[in-house]
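Reading the structure
For reference, the chains in residue letters:
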Number of protein chains: 4
Amino acid sequence: MTAETFKTDVTVSFGHCDPAEIVFYPNFFRWFDAAFHSFLESRGCGQKRLKHDLGTVGTGLIDVGATFRSPVTFGETLTLSLTIVEWTSRTVKITYEGHVGTRLAFTGHEVRGLFMAEEGGRLRAAPIEPFRQMLERGRG
Amino acid sequence: MTAETFKTDVTVSFGHCDPAEIVFYPNFFRWFDAAFHSFLESRGCGQKRLKHDLGTVGTGLIDVGATFRSPVTFGETLTLSLTIVEWTSRTVKITYEGHVGTRLAFTGHEVRGLFMAEEGGRLRAAPIEPFRQMLERGRG
Amino acid sequence: MTAETFKTDVTVSFGHCDPAEIVFYPNFFRWFDAAFHSFLESRGCGQKRLKHDLGTVGTGLIDVGATFRSPVTFGETLTLSLTIVEWTSRTVKITYEGHVGTRLAFTGHEVRGLFMAEEGGRLRAAPIEPFRQMLERGRG
Amino acid sequence: MTAETFKTDVTVSFGHCDPAEIVFYPNFFRWFDAAFHSFLESRGCGQKRLKHDLGTVGTGLIDVGATFRSPVTFGETLTLSLTIVEWTSRTVKITYEGHVGTRLAFTGHEVRGLFMAEEGGRLRAAPIEPFRQMLERGRG
């Protein structure tokens, strides 16, 4: 799989904003997460299939961050771009960029693992190769 | 002001969690933000006073990140600790730690600026010294 | 204006759902509110114009409710339909229906007023006729 | 069990509010839900025990509503009161009141059922009597 980019648009609404009239920042991470899940669905690798085929409870977060370049307000359309940039044995790194038109609003990243439930309900990050292969094969 | 730590507890509820039965991660940032505002209130520097005295529309985010060490689930009490660790001319850096009992759940940080509205509604980060002085004087 | 219906689609994501694997219900109201604001935008009556032309701080909620008929889960597309059904001197009533394909997921309503800030920051519901006229004229 | 009332306080934060500087209304329902779960925990009937003892996936919503009497803004402490008011064979009705000091902010209600997963993942509302008995016995 080349480092192709998945894009999705968010219509920024009044209720996404705080009294400073800009997006309440945790909402950006809601959109990171939703974009990642839409990307999985677009490859035929939605969470239900991951659970069924790989036994995972989720593609959980290990590390996340964002740098904000310009504020986003209601009435704007935010284009969120997601790129898979790095795999290790147990993690995948995803980068995000948010634009309003040509204006860069933020850059960010997530590092995710494939979480499995162990005896006693504890979660651990499992080897991620089966997930990588599933994504690369996609629906095909 | 020494690097004192402000603590607040969050009762983690069913609705804070996703189908993996762990906290949906953007909620951690909701709690970062709420803790920061509670800290401001505890110093008599709530957003309404900042707006009135300093003319700011908010203490906006410039950079944010978190590393997750262990998952948090509903029924648990999360103790969130906040420490002011660094001031520059236009930013303040805050670090966060989340514990469930003695278990470390995550570490994180925010870099915030003092946002002012310019002509035309554009926001800019103003010199932060007046905010620092206000915080250090506190209610006293 | 006839009682025409405005429709919008929501891609239901993993993070919208709780450990019961169905939508955490407050999210439905986030979508009610976002649909209402998208409807306003579609008529050229977004919140910024309302504030500028009518001096309102928002189209605030007076009453809201919903009845859930069938659960909605991640991976589904929810079609949300909004209809303006009744005006009084100070309120507008909006009904909502949510479908997943042909399956009815919920019905709901909002009663909203046009909130103005009075001296001292108190809010009051103003006569709503100017808003009605603005909506009926739309962009035209 | 008499119709006793369970109370919980919410510190209303900047990020709970929208550009009208009042609480973004879906947050009230987040707090309804969290209060209900805190009430269950206070009786020793948290969701994990319900799942284990009764096999339920959750105490899902059937109907919900609220009437807003006065706006709530950041810096205020909202006292949320919950009362179990009515049981039918498959539902329980809960009423809510929100006060800021002595000022009534809203009244509301939820009707909940005890949701069980059927074959194929479909949910149904099961007889609620075992849940009622568990609640009435509480921790005792």
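Everything quoted here is computed from the prediction, not taken from an experiment. (Residues numbered from 1 in each chain as written. Chains lettered and ligands numbered in written order. Predicted model: local features only at pLDDT ≥ 70, side-chain atom pairs only at ≥ 80, totals over all residues. Heavy atoms only, no water.)

**Quick notes on the packing of helix 2 (residues 47-54) of chain B against helix 3 (residues 129-137) of chain B**
Axes are the key here: two packed helices are described by the angle between their axes and the distance separating the axes. All names here are of chain B. Where helix 2 contacts helix 3, the two axes come as close as 12 Å, and the packing angle between them is 130°. Between helix 2 and helix 3, the angle falls in the class oblique. The two elements helix 2 and helix 3 meet at a crossing, and its hand is right-handed. Of helix 3, the residues touching helix 2 (which contributes Arg49, Leu50, Asp53 and Leu54) are Pro130, Phe131 and Met134. (Axes fitted to C-alpha atoms, helices over the stretch in contact; angles between N-to-C directions. Helix = DSSP H or I, 4+ residues; strand = E, 2+ residues; numbered from the N terminus. Parallel < 35°, antiparallel > 145°, perpendicular 65-115°, else oblique. Left-handed = near helix turned anticlockwise from the far one by under 90°. Contact = heavy atoms within 4.5 Å.)

**Remarks on the interface of chain A and chain B**
The interface of chain A with chain B comprises 23 residues on the first partner and 23 residues on the second. Both faces combined, the contact of chain A with chain B buries some 1,900 Å², and carbon together with sulfur accounts for 65% of it. Sorting the residues of chain A by area buried against chain B places Tyr25, Val64 and Phe68 of chain A first, and these three jointly supply 26% of that buried surface. Counting across the interface, chain A meets chain B through zero salt bridges. Among the elements that take part in the side of chain A that touches chain B, strand 2 (residues 61-68) of chain A stands out by supplying eight residues, more than any other. Tallied by class, residues from the side of chain A that touches chain B come to 16 nonpolar, two polar and five charged. By the bridge criterion, five bridges tie strand 2 of chain A to strand 2 (residues 61-68) of chain B in an arrangement that is antiparallel. (Buried area = accessible area lost by both parts, 1.4 Å probe. Salt bridge = Lys/Arg side-chain N within 4 Å of Asp/Glu carboxyl O. Nonpolar A, V, L, I, M, F, W, Y, C, P; charged D, E, K, R; others polar. Pairing = 2+ DSSP bridges.)

**Focus: the sheet that holds strand 1 (residues 5-11) of chain C**
With antiparallel pairing, the 10 strands of this open sheet are ordered in space as 1(C)-3(C)-4(C)-5(C)-2(C)-2(D)-5(D)-4(D)-3(D)-1(D). One side of each edge strand has no neighbouring strand; the edge strands of this open sheet are strand 1 of chain C together with strand 1 (5-11) of chain D. Across the sheet, the mean angle from the axis of one strand to that of its neighbour is 20°, orientation sign disregarded. In terms of strand pairing, strand 3 (residues 77-87) of chain C meets strand 4 (residues 92-100) of chain C through eight bridges, oriented antiparallel.

**A short note on the UniProt feature "domain: Thioesterase" (unreviewed entry) in chain A**
The UniProt entry lists residues 22-101 of chain A under the feature "domain: Thioesterase" (unreviewed entry), expressed in the numbering used here. Between the end C-alpha atoms of residues 22-101 of chain A the distance is 17 Å, and the span holds 31% helix and 35% strand. (UniProt positions renumbered as here; feature names shortened; annotations may be inferred.)

**Some details on the relation of the copies chain A and chain B**
Applying a rotation about an axis and a shift along it to one chain copy brings it onto the other copy. Relative to chain B, chain A is turned by 180° and slid 0.0 Å along the rotation axis, the superposed coordinates differing by an RMSD of 0.0 Å. Here the two chains are linked by the operation of a two-fold rotation axis. No C-alpha of chain A approaches the rotation axis more nearly than that of glycine 65 of chain A, which lies at 1.9 Å. Both copies share a contact surface, since 100% of the interface residues of chain A are interface residues in chain B too. (Least-squares fit on C-alpha atoms with pLDDT ≥ 70 in both.)

**Regarding the state of the cysteines**
In this structure the tally under the stated criterion is zero disulfides over all chains. Free cysteine: cysteine 17 of chain A, not disulfide-bonded; nearest cysteine sulfur from cysteine 17 of chain D at 13 Å. Cysteine 17 of chain D supplies the cysteine sulfur nearest to cysteine 45 of chain B, a cysteine that is in no disulfide, at a spacing of 19 Å. Cysteine 45 of chain B sits in the buried class, given a relative accessible area of 0%. (Disulfide = S-S within 2.5 Å. Buried < 20%, exposed > 50% of the residue type's maximum accessible area, 1.4 Å probe, protein only.)

**Remarks on the interface of chain D and chain A**
If you look at the interface, chain D gives nine residues, while chain A gives nine residues. Both faces combined, the contact of chain D with chain A buries some 760 Å², and carbon together with sulfur accounts for 72% of it. In terms of surface lost to chain A, no three residues of chain D exceed Phe14, Gly15 and Pro19 of chain D, which account for 61% of the buried area on that side.

**A few points about the sheet that holds strand 1 (residues 5-11) of chain B**
Strand pairing within a sheet occurs via backbone hydrogen bonds; the two strands may be parallel or antiparallel. Strand order in this open sheet of 10 strands is 1(A)-3(A)-4(A)-5(A)-2(A)-2(B)-5(B)-4(B)-3(B)-1(B), and the pairing throughout is antiparallel. Each edge of the open sheet carries a strand with a single partner, namely strand 1 (5-11) of chain A together with strand 1 of chain B. Taking each pair of neighbouring strands and ignoring which way they run, the sheet shows an average axis angle of 20°. Taken together, the seven bridges between strand 2 of chain A and strand 5 (residues 103-112) of chain A define a ladder with antiparallel strand orientation. Looking at the pairing, aspartate 63 of chain A lines up with valine 111 of chain A of strand 5 of chain A.

**Looking at the packing of aromatic side chains**
Here the structure, examined in full by the defined rule, presents 56 aromatic pairs over all chains. Here the aromatic rings of tyrosine 25 of chain B and phenylalanine 29 of chain B are separated by 6.4 Å at their centres, their planes lie at 80°, and the arrangement is edge-to-face. Aromatic side chains phenylalanine 28 of chain B and phenylalanine 68 of chain B sit 5.4 Å apart centroid to centroid with 40° between the ring planes, which places their arrangement in the tilted category. Here phenylalanine 28 of chain B is found in helix 1 (residues 26-42), whereas its partner phenylalanine 68 of chain B is found in strand 2, with 40 residues between them in sequence. The pair phenylalanine 28 of chain B / phenylalanine 68 of chain B is uniform in exposure class, with both members buried. Its end group placed over the ring of phenylalanine 74 of chain C, lysine 48 of chain A keeps NZ or CZ at 4.3 Å from the ring centre. (Phe/Tyr/Trp six-rings, centres within 6.5 Å; stacked < 30°, edge-to-face > 60°. Lys NZ or Arg CZ within 6 Å of the ring centre and 35° of its normal.)

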